[in-house]
Amino acid sequence: MVFVTRKAHFSAAHRLFNPTFSHQQNEAIFDKCNNPSGHGHNYVIEVTVKGIPDPETGYVIDLKRLAKLMEREILDKVDHKHLNVDVDFLQGVIPTAENLAIVFWGILEPKIDSGTLHSIKVFESDNNFVEYFGQPVAVPRFSTQLQEAEA
Ligand code: NI
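Since this is a predicted model, take the numbers as computed values, not measurements. (Residues numbered from 1 in each chain as written. Predicted model: local features only at pLDDT ≥ 70, side-chain atom pairs only at ≥ 80, totals over all residues. Heavy atoms only, no water.)

Draft legend 1. Structural context of the overall build of the chain. When helices and strands are counted, the chain shows three helices and five strands. Each of the three principal axes of the chain carries a C-alpha extent, and together these read 65 × 30 × 25 Å. Looking at the 151 residues of the chain, the share that counts as buried comes to 46%. When the accessible area of the chain is evaluated, it comes to approximately 8400 Å², of which 52% is carbon and sulfur surface. The positive charge centre, built from 14 side chains, and the negative charge centre, built from 20, are 5 Å apart in the chain. (Helix = DSSP H or I, 4+ residues; strand = E, 2+ residues; numbered from the N terminus. Buried < 20%, exposed > 50% of the residue type's maximum accessible area, 1.4 Å probe, protein only. Areas by Shrake-Rupley, 256 points an atom, 1.4 Å probe, with all protein chains shown as cover. Lys, Arg positive; Asp, Glu negative; His and termini not counted. Charge placed at Lys NZ, Arg CZ, Asp CG, Glu CD.)

Draft legend 2. Region of interest: the coordination of the nickel ion. Donor atoms from the polypeptide that coordinate the nickel ion comprise His 14 (NE2), His 39 (NE2) and His 41 (NE2), at 2.0 to 2.1 Å from the metal. Spacing between the donor residues of the nickel ion along their common chain follows H-x24-H-x1-H. Taken as a pair, His 14 in strand β1 (residues 2-14) and His 39 in strand β2 (residues 39-51) lie far apart in primary sequence, 25 residues in all. Owing to a relative accessible area of 0%, His 14 belongs among the buried residues under this scheme. Judged by relative accessible area, which is 19%, His 39 ranks as buried. (Donors = N, O, S within 2.8 Å, 3.2 Å for Na, K, Ca; no water.)

Draft legend 3. How the structure looks around the pairing of β2. Of all 13 residues in β2, ten are buried; the element is thus mostly enclosed. With 13 bridges joining them, β1 and β2 adopt antiparallel strand pairing. Considered in β2, the bridge of Ala 12 is made with His 41. Here β2 runs beside strand β4 (residues 116-123); their pairing, made up of seven bridges, is antiparallel. Looking at β4, one finds that Val 47 is bridged to Ile 120. (Pairing = 2+ DSSP bridges.)

Draft legend 4. Structural context of helix α3 (residues 97-108). Helix length check: α3 (twelve residues) gives 16 Å between terminal C-alpha atoms against 16 Å at 1.5 Å per residue, within 8%. Of all twelve residues making up α3, ten are buried, and the element is well covered by its neighbours. Taken residue by residue, α3 has Ala 97, Asn 99, Leu 100, Ala 101, Ile 102, Val 103, Phe 104, Trp 105, Ile 107 and Leu 108 as its buried positions. (Expected span 1.5 Å × (residues − 1).)

Draft legend 5. Seen up close, the packing of aromatic side chains. Evaluation of the coordinates by the stated rule reveals five aromatic pairs. For the pair Trp 105 and Tyr 132, a centre-to-centre distance of 5.4 Å together with 75 degrees between the ring planes defines the contact as edge-to-face. Taken as a pair, Trp 105 in helix α3 and Tyr 132 in strand β5 (residues 129-132) lie far apart in primary sequence, 27 residues in all. Aromatic pair Phe 123 and Phe 129: ring centres 4.5 Å apart, planes at 20 degrees, arrangement stacked. An aromatic cluster of at least three residues, connected via ring pairs, comprises Phe 10, Tyr 43, Phe 89 and Phe 104. Its end group placed over the ring of Phe 17, Arg 15 keeps NZ or CZ at 4.3 Å from the ring centre. (Phe/Tyr/Trp six-rings, centres within 6.5 Å; stacked < 30°, edge-to-face > 60°. Lys NZ or Arg CZ within 6 Å of the ring centre and 35° of its normal.)

The following block contains the structure:
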């Protein structure tokens, strides 16, 4: 089995908060990431596909095709956007790196027709990243308001 990885970058804003929590709870749990007008990250994603190289091409998956797929399905939709507001497939999702990885998996996995999706890594900073291997996890969706209800 050979593992091939395509890495890509995007920049986006988000606000971490749960609309069912009070303002105080959101502040206590999400801290700086709860800034009401959001804040930005330079994200890096790494998508790894595993398989046996095709005997005629030597490829597990043509990385040009994987790159195009990631661009079309993910990067074009999230780059320079506010993740809580602008991205259809993230409506109501708390946009942590964990949840981004799970949602990205759901989008990419059915479209990979050569090899098998093995993992998705989402780096929110140099020091913080998550890795997801596709174990079934439901991502809760909340109201799409960007602010919690007034107490
Ligand atoms: Ni953040």
